[in-house]
Amino acid sequence: MTSRVRIILVFCVSILLLLIVGFYSFNLTNKYRTSYEWVRNSEQIISEAHELSINLNEIESGQRGFVITGNAKYLIPYREASAKIMKNYSDLKRMVGENKQQQILLDSIHSVLVSKVDWINLLIEIRKTKGFRPAEKMVLTNHGEELKQEFRVLVGRFIDNEKASLNQRIHAVQADYDRAIFTIVITILLALIMVSWTLYFFVKDYNRRLHSKKRLLESENRIKKFLEALPVGVFVLNHEGKSYYSNSKANALFGTDLSSETTIEDVDIQDLPEAFQTMKAGTDEVYPTMELPIMRALQGEKNVCVDDLEMKGGGKRIPLRVNATSVTDSKGNIEYAIAVFEDITASREVNKRLEEAKKIAEQAVALQEAFLANVSHEIRTPMNAIVGFTNLLLKGDLSAKEKDYVQTIKSSGENLMRIINDILDISKMESGMMLFETQAISIGDVFSSLNAMLAPKIEEKKLTLNFQYSDNIPLTTAGDPTRLTQILLNVLGNAIKFTAKGGIEVFADLVRESKETCEIVFSIYDTGIGIPEDKIDHIFERFKQAESHTTRNYGGTGLGLSIAKQLIELQGGWIKVSSEVGVGSVFTFSIPFKKSVMVHEKKSNSISESEIRKLSEKRILLVEDNPINVKFIQGLFSEYNIDADHAAHGREAVAKLKAKSYDIVLMDIEMPEMNGYKATGVIRNELKSNIPIIAMTANAMAGESEKCLSAGMNADLSKPINEDLLFEKWCVSWQKKPMKFF
Ligand code: ADP
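Analysis parameters
- Residues numbered from 1 in each chain as written.
- Predicted model: local features only at pLDDT ≥ 70, side-chain atom pairs only at ≥ 80, totals over all residues.
- Heavy atoms only, no water.
- Helix = DSSP H or I, 4+ residues; strand = E, 2+ residues; numbered from the N terminus.
- Buried < 20%, exposed > 50% of the residue type's maximum accessible area, 1.4 Å probe, protein only.
- Areas by Shrake-Rupley, 256 points an atom, 1.4 Å probe, with all protein chains shown as cover.
- Salt bridge = Lys/Arg side-chain N within 4 Å of Asp/Glu carboxyl O.
- Patch = residues over 30% accessible without salt bridge, like charges linked within 9 Å, V, L, I, M, F, W, Y side chains within 5 Å.
- Phe/Tyr/Trp six-rings, centres within 6.5 Å; stacked < 30°, edge-to-face > 60°.
- Expected span 1.5 Å × (residues − 1).
- Core = buried A, V, L, I, M, F, W, Y, C linked by side-chain atoms within 4.5 Å.
- Pairing = 2+ DSSP bridges.
- Axes fitted to C-alpha atoms, helices over the stretch in contact; angles between N-to-C directions.
- Contact = heavy atoms within 4.5 Å.

A. Main features of the overall build of the protein chain. The number of helices and strands found in the protein chain is 21 helices and 18 strands. Looking at the protein chain residue by residue over its 742 residues, the buried ones come to 41%. Total accessible area computed for the protein chain in this model is approximately 41600 Å², and 56% of it derives from carbon and sulfur atoms.

Right, here's the structure in full:
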């Protein structure tokens, strides 16, 4: 029950009680008054009865004086008393009212009185007419005395009766008086209790309200303090669009631009944009009032956020970030709109700097990319020549010693190439430029090509190498086969390198499958030297080898596992190792491949001699600026009796293509005068030729292949040129349309 209801209830009960008691007291008082009037009546009756007796005495004494003296002056009191006595009687008759007993007595008194008065009148008449003696004789009959005695007895009895009832009435009055007093006292007490009770509740309720109000005020003040402490401006509008609250930050911010004392609280929201010069960021356009975040919030929009608002203040423009939202009552009606705004000059400045820093970083990355591309190009070009020419040399007639020297040059070149590739891979991964292709992968094919690749080394070291995969491995999955081969080569290469006897087992198993992916775990077991426990955690770190003498004894740079790990993790997989020194090691890694929808076609990597022979009938244009490369490729072609025309740069190539018809173009990318991309563009767009163009890139950076294809080339080859790949791509190019061609 609420205190208000309690007070009303107490008040109603009090009023009801007071009414009851009041009614009762009123009745009692009435009764008392009636009783009191009866007492007064009895007293008057008694007094009237006494007066009756006195007047009779007056009559008698007048009669006596006249009888004795015969003087008529005695008849004056007699006559006055006679008149009074009748009035006395009629008054008494009226006063006794309904009292039967007294009425009877009064009737008796009246008849005696009448008899007595008649007798006196007769006596007076006799004295008047007959003189003293007959009158004396009449007196001596004693009849008058007897009547008088009878009158006295009756009046005495009448008075006694009245006195008796007076006594009774006095008692009744006393009792009524006591009761009335008691009731009045009780009523007053009750009224006092009720009033005190109501007052108590009223004061209690008042105190409670006062306390609540105080607490409300305190909490309001506290919230205001919080709002004041905020490092942002807070501005609240009521539903009529009138300012309801603004903290000092808001006032300070909005007040800075004004010469007058006006603050935001005095300004009509409609005039706000002009009054405070709120403008669209970077323009002199006044911010439309209805687009102001607080106005949008007032229309019911929740969580409005803008940062295209500026204020002109103190000769400068202050950029603001404003968040506004509407505040609704329990029925969902908009009561207020609140806007919070902050000066974002500093963060704009920071953003600007960040933007600049980002640009610088991007430039640095671009520089790094360009540097890597250049380095790659510069290193690969001579490497191309070294590896290419050693291959050509090995095909010729050489003595055993010469063959051995050339072979050494070749393997050193290949090692150098591997190191360069590793460093390039790391750079690519570091700068986020490593891209993964999604092609159909057959684990079986990957294993057989690895087997073929590693067979010479395995034979040389007299080891065994077994590849196995579980039956649940899908025929094809989708992923990057080159990167998978690279990872496996790195791990397998180590296993072979660090194993002197025994063998290596490779096992692939499908461990998890979802709608889109299939996770394959590869395990590579070897019976090699093993890795000491304290070194095992560091072998995946860059340039870290288990032992300091590893390079000396086994070669390597400490990059292979680090690259493998990063390649795996970039594809969403993991790698781990367990090893025992002198027993062997197990490297396990997992890659979640995408499910392949393509049917894997087994393709042959090599093309037949007869197919190459057919190529000799084709007219070939070799576009290459580097004379060593030209020499190498022409040397390679001469092996197959293939003739090729040469152009030193793109412009010359275009001129040659205009002058003569060719079947294929081998196009270098980086060339003076006109590079390979530009030359391709001219061939495709100006010459409108769809001649197959194979790019020869010395830049191994990510996206190079895409760049070549989108420039209109049919295929790309990375330097140093692998002759098998060259002829394969060559053949394929005749069947394939260029990507961007007409
Ligand atoms: P490295 O070029 O030296 O092989 P890796 O990053 O591939 O660089 O390997 C790091 C080191 O991990 C190796 O130098 C070797 O000490 C150790 N290691 C890797 N694989 C094996 C293995 N199968 N058996 C023994 N040690 C290994």
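On we go.
B. Structural context of the pattern of salt bridges. Summed over the entire model, instances satisfying the criterion amount to 25 salt bridges. A salt bridge links R94 to D91; the nearest nitrogen and oxygen atoms lie 3.4 Å apart. Here the residue R94 and the residue D91 both occupy positions in helix α2 (residues 75–96), the gap between them amounting to three residues, near one helical turn. On the accessibility criterion, D91 (13% relative accessible area) is buried. Linking R321 and E342 is a salt bridge whose minimum nitrogen-to-oxygen distance equals 3.5 Å.

C. Expanded view of a nonpolar patch on the surface. Nonpolar side chains collect at one region of the surface, where Y177, I181, F182, I184, V185, I186, I188, L189 and L192 lie side by side and expose about 800 Å² of accessible area between them. Within the secondary structure layout, Y177 lies in helix α5 (residues 143–229). When its relative accessible area of 37% is taken as the criterion, Y177 is described as partly exposed.

D. Highlighting the packing of aromatic side chains. Within this structure, the stated rule accounts for 12 aromatic pairs. Ring geometry for Y244 versus Y336: centroids 4.7 Å apart, planes at 45°, classification tilted. Separated by 92 residues along the polypeptide, Y244 in strand β2 (residues 243–246) and Y336 in strand β6 (residues 334–343) bring together distant segments of the chain. Here F540 and F587 contribute two aromatic rings whose centre-to-centre distance is 6.3 Å and whose plane-to-plane angle is 80°, an arrangement assigned as edge-to-face. One end of the pair, F540, is in the loop between α13 (533–536) and α14 (550–554); the other, F587, is in strand β13 (residues 584–595), and 47 residues separate them in sequence. An aromatic cluster of three or more residues is present, and its members are F447, F467, Y469, F522, F589 and F593.

E. Helix α3 (residues 100–130), seen in detail. In a regular helix each residue adds 1.5 Å, so 31 residues correspond to 45 Å; α3 covers 44 Å between its end C-alpha atoms and thus fits that length. Phi turns positive one or two residues past the end of α3, at G131, with a value near 95°.

F. Examining unusual backbone geometry more closely. Phi is positive for N303, which is not a glycine, with a value near 50°. Along the chain, N303 falls in the loop between α8 (293–298) and β4 (304–313). Even without being glycine, K688 reaches a positive phi, approximately 50°. Tracing the backbone through its elements, the reader meets K688 in the loop between α19 (676–686) and β17 (693–697).

G. Inspection of the nonpolar core at higher detail. Core analysis: the largest hydrophobic core is formed by 45 residues, its most contacted members being L484, I504, F522, I524 and F589. Ranked by residues supplied to this core, first place goes to helix α12 (residues 481–497) with seven residues. Formed by 38 residues, the second largest nonpolar core is a distinct cluster that contains I46, L75, Y78 and I126.

H. Spatial organisation of the pairing of strand β5 (residues 316–328). When β5 meets β6, the two strands line up antiparallel, connected through nine bridges. Counterpart to V327 in the pairing with β6 is Y336.

I. How the structure looks around the pairing of β2. In this sheet, β2 lies alongside strand β1 (residues 233–238) in antiparallel orientation, the contact comprising three bridges. Within β2, the position partnered with L237 by the bridge is S243. Between β1 and β2, which pair antiparallel in sequence order, lie four residues; one of them, G241, sits at a positive phi of approximately 85°.

J. Here's a closer look at the sheet that holds strand β14 (residues 620–623). Taken together, the five strands give an open sheet; going across it, the order is β15-β14-β16-β17-β18, and neighbouring strands pair in parallel fashion. Unpaired on one side and paired on the other, β15 (644–647) and β18 (715–718) mark the two borders of the sheet. Taken pair by pair, the neighbouring strands of this sheet meet at an average axis angle of 20°, ignoring direction. Bridge count for β17 against β18 is four bridges, and the pairing is parallel. Looking at the pairing, T697 lines up with S718 of β18. Strand contacts of α19: β16 (664–668) and β17, with the helix running at about 150° to β16, the strand carrying the most contacts.

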